Every structure is written in C-alpha cells, then in structure tokens.
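Spelled out, the chains give:
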Amino acid sequence: MLSLKKAKTMEYEEILAGVGKMGRYQVYLFILAIVACSNAGIHLFNIVFTMGMPRYRCAVPGLMNDTFDIQNEAHAQQINATIPFDSAKGSYSKCYHYLTRVDKSLEQTWNFTSPETQSCSRWVYSTDVFASSIVSELNLVCGRQIYMSHANMLGMAGIMVMSMVSGPLSDRWGRKKLFIFHNWIQLIASIATVFVKSEISFLILRFVEVGSGMASFMCLYGLVTEISAPSGRVLGTSINMVGWNVGMLAVILVAFFVREWKTLQLILTAPLVLTALTFPLLIPESPKWLLSRKRYSEAHAILQTIAKVNGNSLPEEVDLAGGKEESSHKSAGIVRGLILLFKSPILTVRLIILAISWAVNAMVYYGIGLNVSFVIPGDIYINFFVITMISVVFLPPAAWILHRNGRKILLCVCMVLGGSLCIGTIFSTFG
C-alpha cells in the first residue's frame, strides 16, 4: 500500500515499483508482447521459404508442356537435343540451350548440330521441395537471380529506416497508436505480396512488410520496457526476443507442411489479423509516454489498473506531475541529446564500437538466417530449424547472465567466440 505523502514525491520508477514490479499485469503484457513480436520474426524469415530456390533448368524451346522431371524416352531425347548437359555437375544447363529450330507440324524441337548456345527465356522447376515459390512465379533465376539479393537488401533497408524513424514517431504519437498503425501496414503489405506480378512490386512490398514489422516490434519493446520496473527490465526486453523466436518456429512449422508459397504467405499473415483486430482493445498506452504529454488522468487510470491486477493500490491523489519536468525535457531534446553525445569523446567512441558490433552481429545473424539454403548444405528445413533452436536454447541463459553480470562481459565473450567460429569456417569442409 502506498502512502499519500510518499506518493506525492515519487518518480515514475518508484510508482512502477509500488504498483507491482513483476505481477500478473506484467505477465499479461508479456504474453501479448510474445504474440505481437512473433510477427516481426515471421515476416522477416518467411522469405526463406516463400522465395525458396527450387532445382531448375532451361525449358525445351517450343515445348509448352515441358516439365522438370523427364516423362518418357521422347521427352528425354528432346531435352538432350536442346539442353547442354554438364557432366561435372550431373545436371542440365540452367541458363543456356542450344541454338534450335522448332518443327511446329511435328511439335518437336531439335538441335542444329551446332555447339553454339543462347540464353534461356523459359525455365521449368522441380516441385520436390517447393511446390511453388516467388522464384518460380517471377523466374528469379540466371540473370534475374540478383533480385533475390535485392529482396533481402530491401528488407534490411526497411529495418534500418524504420529503426531510425519509429523511435521519434512513437515519442510523438505514442507507442500504442504507432504499433496499431504499423500492424495494419504490415498486414496490407503481406496480403498484397500474394498478388505481385513483377519483381519491382515485390521488392517495394518487401521493404514495407519487413520495415513495418520492425517498427511494430520496437513500439512493443518500448511499451514493455516502460511498464516494467527497473529490476524486471532484462526479463521484459528478453520477452520480446522470445516472441521473435516463436515467430521463427512458426515459420518452419508451417513451411514444412505448406509448400505452396501463396498459401504459406497467407497462413503466416493470420497472426497479423489477430493482432490488428484485438490489440487496440488489449494493450495499454505507455503511462510514461502519457506523462510526457501531460495526459495525467489517462496515465493514472492505467497505473491504477496495473496496481489493481497486481493486488496493490495507487492513491487517487497521487501527484503524477511531480517528476514530470525532466521526462518531458528528455523527450523533446532528441537533436540536443545527440549533440551532447558527440561532444563527449568517451561516449562517441563507445557509440562507434557498439555500432560496429551491431553491424557485425547483423551481418552474421541475418546473413546466415536469410541465406540458409545457400550457405549451409543439406535440407533447408532441418538447417533452419537448427538455427532457430540455437536462438531458443541460448536465450534463457543469456537473459540470466545479463541479469546477474550485466552486458559488457557477455557481449565481449560472445563477440570473441562468434568471431573465432566465423574464422574457423574458412578451414571447414563439408563432406
């Protein structure tokens, strides 16, 4: 129970501790955060399977019903007559066929006896791993395979852009409003992806889908942090990463059973529909943000609800404006804060070190995760599952170490270990 006299002199952190450091309300919010943050993981890594690379080769010129699998002896003869065979790789050419002529009366295609080749204009795809994918839909192979890299690049560009703008925007409009806005944007972009007819529209939607997902993630990150007492913030921020890993597990689970990319995309969009329709009613606005905007009555109502659910109480007469001046000043001084930051040589050096560390971590994590089918031999589903489980298994001990020993030691050990293992891959061989 909080006394009125003490409550009048309380700062926001003290009030949070009074209404309940880690009670039922925080658990309720953490569960919602796991559901919502899973969308960020889902819609970043869904491309591993929706844009999966199937086996393919040049289509036989003039044979409109050509298939990747050889149907009969006549089909084999047509393939051998028109598509070069690479004995070293044990497969037919993916990007070139012989100069050919088509006998339309016999519906046959034959090679001119010349070894000259030309680029393919049509391809046929295997359906043994992926029944269909964006690759086979838009023919992102041979000279057009660069669009696969562009898709990942624009996805990361969306993360970069929204990481920079979502913080100031959420400071202006609120964590809840911005989360709901980006949730709907991500939902629309995700559904629209199913109807793409060109690589340009696909790339634009990819930027929006991933970028809005990161913006939603960061809004929830801020909300969870600002409703958690200082002693519970490591757990609170770790919960968001639990949601991220849940999203990755959802991707591999659904992708294993659904091999057609449009169906997979729509199924993985279902959680966005759930959060878009229900979260406006389920999640609160950040009381700390409300205080910074001088909306004291709304902040008081939310804090009162938190206290009630946690079995505590908040005096009706508590003076929430008492510790407000500093908070408002901080929210309004983003540019001034950056100027002060760069005026300090120590803080500037630390910022540069952390920026480089983050960039290296991102390159390794996303580089492997988004390109698992290219950098790791073997079954794509098993490999992605193993990568996901590594994150799942190591998150709890990492959170425990952070809580007990802070960030510095864990960061340094993991960077050294990770860097050593990356160097070790140079000397590794796959059987």
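Residues numbered from 1 in each chain as written. Predicted model: local features only at pLDDT ≥ 70, side-chain atom pairs only at ≥ 80, totals over all residues. Heavy atoms only, no water.

### Details of the packing of helix α8 (residues 175–193) against helix α9 (residues 199–227)
Okay, step 1: For the pair α8 and α9, the least separation of the axes is 8 Å and the interaxial angle reads 155°. Between α8 and α9, the angle falls in the class roughly antiparallel. Along this stretch, α8 crosses α9, giving a crossing that reads as left-handed.
Okay, step 2: Per-class residue counts for the contact of α8 with α9 are 12 nonpolar, 9 polar and 3 charged. (Axes fitted to C-alpha atoms, helices over the stretch in contact; angles between N-to-C directions. Helix = DSSP H or I, 4+ residues; strand = E, 2+ residues; numbered from the N terminus. Parallel < 35°, antiparallel > 145°, perpendicular 65-115°, else oblique. Left-handed = near helix turned anticlockwise from the far one by under 90°. Nonpolar A, V, L, I, M, F, W, Y, C, P; charged D, E, K, R; others polar.)

### Here's the deal with helix α7 (residues 146–173)
Okay, step 1: Compared with the 40 Å implied by 1.5 Å per residue over 28 residues, the 38 Å span of α7 between its first and last C-alpha is a close match.
Okay, step 2: When α7 is considered as a whole, its buried residues turn out to be M148, A151, N152, G155, A157, G158, I159, M162, S166 and S170.
Okay, step 3: Count one or two residues on from α7 and you reach G174, which has phi positive near 105°. (Expected span 1.5 Å × (residues − 1). Buried < 20%, exposed > 50% of the residue type's maximum accessible area, 1.4 Å probe, protein only.)

### Some thoughts on the packing of aromatic side chains
Okay, step 1: Under the counting rule described, the total for this entry stands at 14 aromatic pairs.
Okay, step 2: On the numbers, 5.3 Å between centres and 80° between planes, the contact of F49 with F384 is edge-to-face. Remark: F384 occurs in helix α18 (residues 380–405) and F49 occurs in helix α4 (residues 47–50); sequence separation between them is 335 residues. When sorted by exposure, F49 lands in the same class as F384, which is buried.
Okay, step 3: Ring pairing ties together the aromatic residues F45, F49, F130, F217, W244, F256, F257, Y365, Y366, Y381 and F384, which thus form one cluster.
Okay, step 4: The ring of F256 carries R259 above its face, with NZ or CZ at 5.3 Å from the centroid. (Phe/Tyr/Trp six-rings, centres within 6.5 Å; stacked < 30°, edge-to-face > 60°. Lys NZ or Arg CZ within 6 Å of the ring centre and 35° of its normal.)

### Thoughts on the confidence of the model for the protein chain
Okay, step 1: With 89% of its residues at a pLDDT of 70 or more, the protein chain shows a mean pLDDT of 84.
Okay, step 2: Note on residues 1–9: pLDDT is under 50 here. Beyond four places in sequence and across chains, it has 14 contacts.
Okay, step 3: Low confidence marks residues 324–332, where pLDDT is under 50. Its contacts with residues over four positions away, or in another chain, come to 10 contacts. (pLDDT = per-residue confidence, 0-100. Contact = heavy atoms within 4.5 Å.)

### Remarks on unusual backbone geometry
Okay, step 1: For C142, which is not glycine, the phi torsion reads 55° and is therefore positive.
Okay, step 2: With respect to the element layout, C142 can be found in the loop between α6 (134–138) and α7.
Okay, step 3: In this structure, K294 takes a positive phi of about 65° despite not being glycine.
Okay, step 4: With respect to the element layout, K294 can be found in the loop between α12 (287–292) and α13 (296–309).
Okay, step 5: We classify K294 as exposed; its relative accessible area is 57%.

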